[in-house]
Amino acid sequence: MAWQFPKMTRRSFLKNTSLGAVGVTLYRPNWIQIAGPDHPDPEDHFAYSICNYCSSFCSLRITVAERKGKSRIMKLGGNPNSTLNGDKICARGQSGLRQVYSANRIKTPLIRVAGSKRGEMKFRSATWEEAWDYIARKSKNIKPWEWTVYGGWSTCSFYVPHTIAFTSAIQCPNLITSPTQNCVFDGHLGTNSMTGNFVVHGENIEDYENSDYILSIIGNACIGGVSTCRAVRFAGAKEKGVKVVVLDPRASETAAKADEWYAIKPGTDLDFTLAMLREMMHQGWYDEDFLISHSNLPFLVRKNAHNAWELYLSADKEPAVIDQHSGQVVFLPAFSNSNLRSISGAAVKPQLRAPANFQHGGKTLVTVFDAQYQELEPYTPEWAADNTGIAAGDIRKIAREFGTAKSPIVIPGWSGARYGNIQMLRRVQAMIQTLKGGLDVPGGWIFGGDYREQVRNMWAQKDNPKAPPLASLAGMPFVYWSANAAANPGTHNHGYPAWAAVHRDQTPKDSPDWAAFPFTTEVGLDSAIRGKLTWKGAPYLCKAILLNGTNPMRDAPEGFWQEAFTHSNMELVVVMDVMPADTVAYADVVLPELTYLERDEPAIYGNGVNPDNMLITRYQAVPPAYDNVILTDAFLKFTEILTGSPEPYYQSVQNLMGIPAARLKALTEEKRAKGIKNPFTMALRQMDFEAKAEGLGITAQKLDVVLREKGVYPVAKAEELIANYGMPRKMALPTPSGRAEFYSNLYGQLREQFGLWDSPYFSVLATHIPADCRPGSRAPMADDEFYFTFGMVPVVSHCSPNNDFQPLVGISKFRGEIYTGLWVHSARAGKLGLKEGDKVWVTNQLTQQKAEASVHVTRLVREDTVFLYSGYGDQNPALTHGYRMGTALNKITPNFIEPVSGGFRSQEFTVRLERV
Amino acid sequence: MTKYAMLINLDTCVGCNACMAACAMENQTPVWNPDKFRTYVYDEEIEVGDKILRQFFPKLCNHCDNPPCVSVCPTGATWKEANGIVRVNPEVCMGCQACAMACPYDARYAADRQDISQGEAYYGKNFLKRTVPSIDKCDFCYERLQEGLQPACVETCVAHSRIFGDLDNPNDLITRVVATGKAQGLLTELGTGPNVYYVHKIPEELL
């Protein structure tokens, strides 16, 4: 028996464990910069990249080992040099290397076996030549407008400009993106109306660490879902003793961290926030100086001919305020970040409230503040208490504690597509946040460094008619540009607008499948596929679809896409993905996408929501295991197939992104001649290195050296960026007026365009929209009937099916029914005779859709509510580890949309449980 | 001397399981078997006063002062180092599992022949850290410590819930927290002398 006491080399790993010595850093906890050594084990080396599993875009440092002439990714970790997430990444991030080494990964192009049906997952391996040739043959008679491009995760993360340029090159007016109807363009649009963002969670981060009060309302994804860069800051806040209050019908991960958890009745969050807003406005819990200077609360409004509130504007559409000094009405510039100078340049101090019965030009005028105050009158804490189940005293307490806190944060929220009223909820949340002036201040919502730079550049280019739109627009202005281009028949030579616009114009407004502003959604796709749309007398069909990195068979209401893919009019389905997601089974041709860890990126990016501005890109960690394509090169080849030449893509990239076509083409061909794979992507990369380096005043080589060594290139610190370009204090927000918009011009413009003066969905101010889970029924719920809620689980992300990776599968199996089961309160389960693990049918009472689930008996959910973690239930047997684990949520998700953006009303129903 | 120990702040753990995944990838554990992780995050319903709340509770080997697993090992395959880490030598371990039975924390599992051969395909034949079957458990990422790195779970913990340190260093955060008496080990009444401490909240003045 030999006892061994090996020698231990004493290294100074402990040097970084002394915390708190340096003092508070402004926008991230000190300890996320605890770094390991700069050099790994001599046999290993580091490569730097960006995680692919959610919009947090954590900076990665990858440990790569070389043994016997082969290299292998051994471990993923955060990059200690990045102030976004430091050396931290979540469980999905940690498991990401399994995407490279998964046996189930798509290795070669696949062509559906002749005679088989879409959905059967019957494919044969093919060469690239065969795959492209198949696509060429099948698409010969398909017109450009008969294509739909569905940009999924790869597009959404970094390739939006390249994807839009591609649709332009192939003259395709139809672009869908994911996850739009379930996340980005539903709830977010509500927040966007206040702040002018496009993708809130990709452009803002909450400065939890410097907050003294954090309120979460349908907000688990931000923290517990998990978002590493936010969790890191939230933990910093907890260490400092922040008060956390969470409203959630079940004990989410975030609720588990709360000082007060209120199990609010599902669907009544808006009722709560309206009462809270009312309380704050009544009690004066707001930053008046900020509001009169940088919001449109002091703007004058009156009731128009439709009895709807409308801005009182000059003939030149300039807004008006009452000047405190003179008591007179003064007009302000239509677009500005500030209300303190009139159109003539005179100093103004706007009044937040108008004197009673203020008359001007024969009209009674009030301020937006007054109008909103009036609208909120019925929404007392008592009224909200009745609806929410939260005591009026508690509602008042939360309003008071938030309202009187120094730096409160109400989490803006991520995936919000739950009820028709989710946008209004997020608008009211944004109002609550903005009432306290909590935009771009310590302990508030902070705009990301990269986004801020994009906005700054947009304003700088505002009067440059030659500015390429995809390199000079950000936030909602980008959305408007893109939406207008899609709806405009003149955009393409063929004169067809997007089927989304045609559907909107040919569908009655009160139809359940109508939406006013369906930006890159699938609203109308079914009409296009079925042949219900016409344009200029001719049928307007969708016959072909190209999807990349998106999984609508699992993420969208089931049934819709089942029909779409299998419809007789659908002639060609091309899917690009890494793993055999459920949607892959419905392809005719499958193109294997190169994994994020095996590729160099076509550009250098900003560091996501990091308030510091840092540049980052991906470096290939290991050589590609298979001959797979990067999205941008696939787009180039597609352009060649569909138009006869790759030229249009070089041209559209130049026109829309500002990258010179001639050089891009020359470099691409040069690299192709050298046998370099994905040469177009490499050419784009080289040119972006050159362009970014020039912007920094350094050489491309130097930029490369820094990025290889550190993984990030710091450009500017948050403190400096906010001091100079804080929005809206220093720089205009990308809203129509440049100010924080309590009176929403976004909704105002929509209501006018469509004449929807009475619809609360299009109200310019906050108003009540009830969630109605049991339309037309006042009967008490049945003994086996429940409200239905779902939420994000921290081991699955919607971006690429990673619940086939065994570390994550193992964790889910360890958690058992907590993760993969349906949460039922023990009192209800007892009455129904249900035990842990029992199988039940869960039936949507509005649509009779049903799914099988395993019961998890718990006290951590309201008695009248059941809860299911989303992201499970993969149905493709090719996903051998995650196959049929848990329940596929979208089996019971109804295809009901709200009328503004087509967001899914994905839990606005009740379910009944029945033992299987 | 050095006395490695871990502190877990229950106030901040958000139950994300990053630690479970990081440990598994770093130490090449048999992830195809959910019973064979070196560390687990338990997801519990607890009663605090009249409230029912949810709590996340990470657990791992406690690297005990008085480890029962070492006492029962017939081959000397497992021992406690001077720095406090309880280790296993896979070459010597004969897989009798007496240690696993003796551990009151259920911290050990058997990485058997099947796991080794599965590991070759899963982790890459030339890149294996585990080539012979044996009992396995947390070793506070012994190799990482040698390179000046923190244990993988500690490094990746997004919520700064896992904190690592040296109880013989009075300036270490973990030492200062333990000194307040507010941190507790598990099953201390058994006399194992666990070196993983749990605290409900770290006093702000220590941070």
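Basis of the calculations
- Residues numbered from 1 in each chain as written.
- Chains lettered and ligands numbered in written order.
- Predicted model: local features only at pLDDT ≥ 70, side-chain atom pairs only at ≥ 80, totals over all residues.
- Heavy atoms only, no water.
- Contact = heavy atoms within 4.5 Å.
- Buried area = accessible area lost by both parts, 1.4 Å probe.
- Salt bridge = Lys/Arg side-chain N within 4 Å of Asp/Glu carboxyl O.
- Polar contact = N/O pair within 3.5 Å; in protein donor to acceptor, adjacent residues only side chain to side chain.
- 1 Å grid on protein atoms, 1.4 Å probe; cavity = no way out; pocket = protein on both sides within 12 Å on 5 of 7 lines; lining within 4 Å.
- Points joined across faces, edges and corners; volume = space filled by probe spheres on them.
- Helix = DSSP H or I, 4+ residues; strand = E, 2+ residues; numbered from the N terminus.
- Pairing = 2+ DSSP bridges.
- Buried < 20%, exposed > 50% of the residue type's maximum accessible area, 1.4 Å probe, protein only.
- Phe/Tyr/Trp six-rings, centres within 6.5 Å; stacked < 30°, edge-to-face > 60°.
- Lys NZ or Arg CZ within 6 Å of the ring centre and 35° of its normal.

Engineer: Tell me what's going on with the interface of chain B and chain A, and back it up with residues and numbers.
Structural biologist: Frequently, the measure chosen for interface size is the accessible area that the parts lose on association. On the side of chain A, 72 residues touch chain B, which itself brings 73 residues to the contact. Interface area for chain B against chain A, summed over the two sides, is near 6300 Å², with a carbon-plus-sulfur share of 58%. For the pair chain B and chain A, the number of links is five salt bridges. Across the pair Lys238 of chain A and Asp11 of chain B runs a salt bridge, and its minimum N-O distance is 3.2 Å. On inspection of chain B and its partner chain A, the count reaches 22 residue pairs in polar contact (both at pLDDT 80 or more).

Engineer: Give a description of the layout of surface pockets that names residues and reports values.
Structural biologist: Estimates place the volume of the second largest pocket at around 1000 Å³. As for the second largest pocket, its lining consists of 44 residues, and the residues nearest its centre are Glu26, Asn27, Lys129, Glu143 and Arg144 of chain B. The set of elements that each furnish at least two residues to the lining of the second largest pocket consists of strand S1 (44–50), strand S2 (59–67) and strand S3 (70–78) of chain A together with helix H1 (18–27), strand S5 (86–88), strand S7 (134–136) and helix H5 (142–146) of chain B.

Engineer: Can you break down the sheet that holds strand S27 (residues 613–616) of chain A residue by residue, with the values?
Structural biologist: What holds strands together in a sheet is hydrogen bonding between their backbones, with the strands either parallel or antiparallel. Spatial ordering of the open sheet is given by S26-S27-S28 (chain A), a layout of three strands whose pairing is antiparallel. The outermost strands of the open sheet, each flanked by one partner alone, are strand S26 (605–606) and strand S28 (713–716) of chain A.

Engineer: I'd like a rundown of the environment of Pro203 of chain B, residues and numbers included.
Structural biologist: All names here are of chain B. Here Pro203 shows up in the segment after strand S9 (196–199). By relative accessible area, which is 14% here, Pro203 ends up buried. In the structure, Pro203 is positioned 21 residues away from Lys182 in sequence and 9.1 Å away in space, judged by C-alpha atoms.

Engineer: How would you explain the pairing of strand S32 (residues 850–858) of chain A if you had to name every residue and give the values?
Structural biologist: Residue and element names in this part refer to chain A. Bridging between strand S30 (residues 822–825) and S32 involves four bridges; their strand directions are parallel. In the strand pairing of S32, Trp823 is matched with His856. Here five bridges tie strand S31 (residues 839–844) to S32, and the two strands are oriented antiparallel to one another. Within S32, the position partnered with Trp841 by the bridge is Glu852.

Engineer: Residues and numbers for the pattern of salt bridges, please.
Structural biologist: Residues and elements named next belong to chain A. Scanning the entire structure with this criterion turns up 61 salt bridges over all chains. Taking the shortest distance from any N to any O, the salt bridge between Lys677 and Asp627 comes out at 3.5 Å. Of this pair, Lys677 sits in the loop between helix H25 (661–673) and helix H26 (679–696) while Asp627 sits in the loop between S27 and helix H23 (631–643), placing them 50 residues apart in sequence. The class for Lys677 is exposed, based on a relative accessible area of 54%. Residue classification places Asp627 among the partly exposed positions, given a relative accessible area of 38%.

Engineer: Report on the packing of aromatic side chains, specifying residues and quantitative values.
Structural biologist: The full count for this structure, using the stated rule, is 50 aromatic pairs over all chains. With a centroid separation of 5.2 Å and 85° between ring planes, the pair formed by Phe814 of chain A and Tyr42 of chain B is classed as edge-to-face. In this pair, Phe814 of chain A is assigned in helix H30 (residues 806–815) and Tyr42 of chain B in strand S2 (residues 40–48), connecting two distinct chains. Judged by relative accessible area, Phe814 of chain A falls into the partly exposed class, the value being 24%. Judged by its relative accessible area of 29%, Tyr42 of chain B is partly exposed. Considering the side-chain rings of Phe867 of chain A and Tyr869 of chain A, the 4.9 Å spacing of their centres and the 85° angle between planes classify their relative orientation as edge-to-face. You can call Phe867 of chain A buried: its relative accessible area is 1%. Members of the aromatic cluster, connected to one another through ring pairs, are Trp128, Trp132, Trp147, Phe166, Phe635, Phe638, Tyr649, Tyr650 and Phe680 of chain A. Directly above the aromatic system of Phe46 of chain A lies the positively charged group of Arg61 of chain A, at a separation of 4.1 Å from the ring centroid. In this structure, Arg353 of chain A is placed above the aromatic ring of Tyr373 of chain A, and the distance from its NZ or CZ to the ring centre is 4.2 Å.

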